[in-house]
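Survey of secondary and tertiary structure
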Amino acid sequence: MMIALRHELMAYTAAGLGILMLAIGSEAFRHGPFFKEDGVVEMAAALLFLTALVIGLYRRLYRTGMGLACCSLALLACLSELSFGARHLGFAMPAMAGGGELDGGQDLVMIAYRALVALDALLLVGVALLALSIILVLWIHRIGYGSRIFAWFNADDGRPAIAAALAVIGLAVVLDVVEAARFAEETLELFGAALFVSAALRLDERERSGKSALGIQPVR
């Protein structure tokens, strides 16, 4: 029997804050072997993402759309943590304008960010995306679709676990893009990877007969 997801999230939050406080208070810990490139934390995250993928394949989660997304993202995240094997196998990934190499999914965000900064359009695009998000939320509420989405989201604990993982990893990507606090970025990625394992264990691997909570026929 698995621990309740909310308790798991509380435990991860407490552990993550503890690690961050230790890193802030100890320069030796912050700059030691844990947070360096290919360090303990990065390799642990890669292993957890790989574990999530293996669990997903074993449980045949790829038979459902959400399960396939979980497996695909776990594979991409694992390869990103390992720089697609470039450092280990001795080959170079494509160079990015402004420095660095395109060796992870988060680097696509970095490229877009640098392009917007170069065009002096970062604020404009940010405001436009925020406005579109608000309009979308209001539209969903207006047509009464919100309750269906909420019911679908809460149909099993795997979906909130994936959402939490993506939120945590998204924050890590932001820290990576602005090149701030590597130790915080690596810690967030580690717990995002742990949440992917949790999601792989919690997701419903079965195809549902009839209509889903969203009123859409499942793919056969």
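Residues numbered from 1 in each chain as written. Predicted model: local features only at pLDDT ≥ 70, side-chain atom pairs only at ≥ 80, totals over all residues. Heavy atoms only, no water.

Considering the side chain of Ser198
Mapped onto the elements of the fold, Ser198 is located in helix 10 (residues 182–202). A distance of 2.7 Å separates polar atoms of two side chains, one belonging to Ser198 and the other to Arg202. Not counting the four nearest positions on each side in its chain, Ser198 is found in contact with Leu5, Glu8 and Ala161. (Helix = DSSP H or I, 4+ residues; strand = E, 2+ residues; numbered from the N terminus. Polar contact = N/O pair within 3.5 Å; in protein donor to acceptor, adjacent residues only side chain to side chain. Contact = heavy atoms within 4.5 Å.)

What to know about the confidence of the model for the protein
When pLDDT is averaged along the protein, the result is 84, and 93% of the positions lie at 70 or above. Element-level mean pLDDT values for the protein span from 74 in helix 5 (residues 86–89) up to 94 in helix 3 (residues 40–58). Predicted confidence is poor over residues 209–213, with pLDDT under 50, and the contacts of this stretch with residues over four places away or in other chains come to 8 contacts. When the criterion is pLDDT under 50, residues 215–220 qualifies, and its contacts beyond four places in sequence or with other chains add up to 10 contacts. (pLDDT = per-residue confidence, 0-100.)

Regarding unusual backbone geometry
In this structure, Arg60 takes a positive phi of about 60 degrees despite not being glycine. If you trace the backbone, Arg60 turns up in the loop between helix 3 and helix 4 (65–81). Given a relative accessible area of 47%, Arg60 falls into the partly exposed group. Of note, Asp120 is a non-glycine position whose phi angle comes to about 55 degrees, a positive value. Along the chain, the position of Asp120 falls in the loop between helix 6 (106–118) and helix 7 (122–142). (Buried < 20%, exposed > 50% of the residue type's maximum accessible area, 1.4 Å probe, protein only.)

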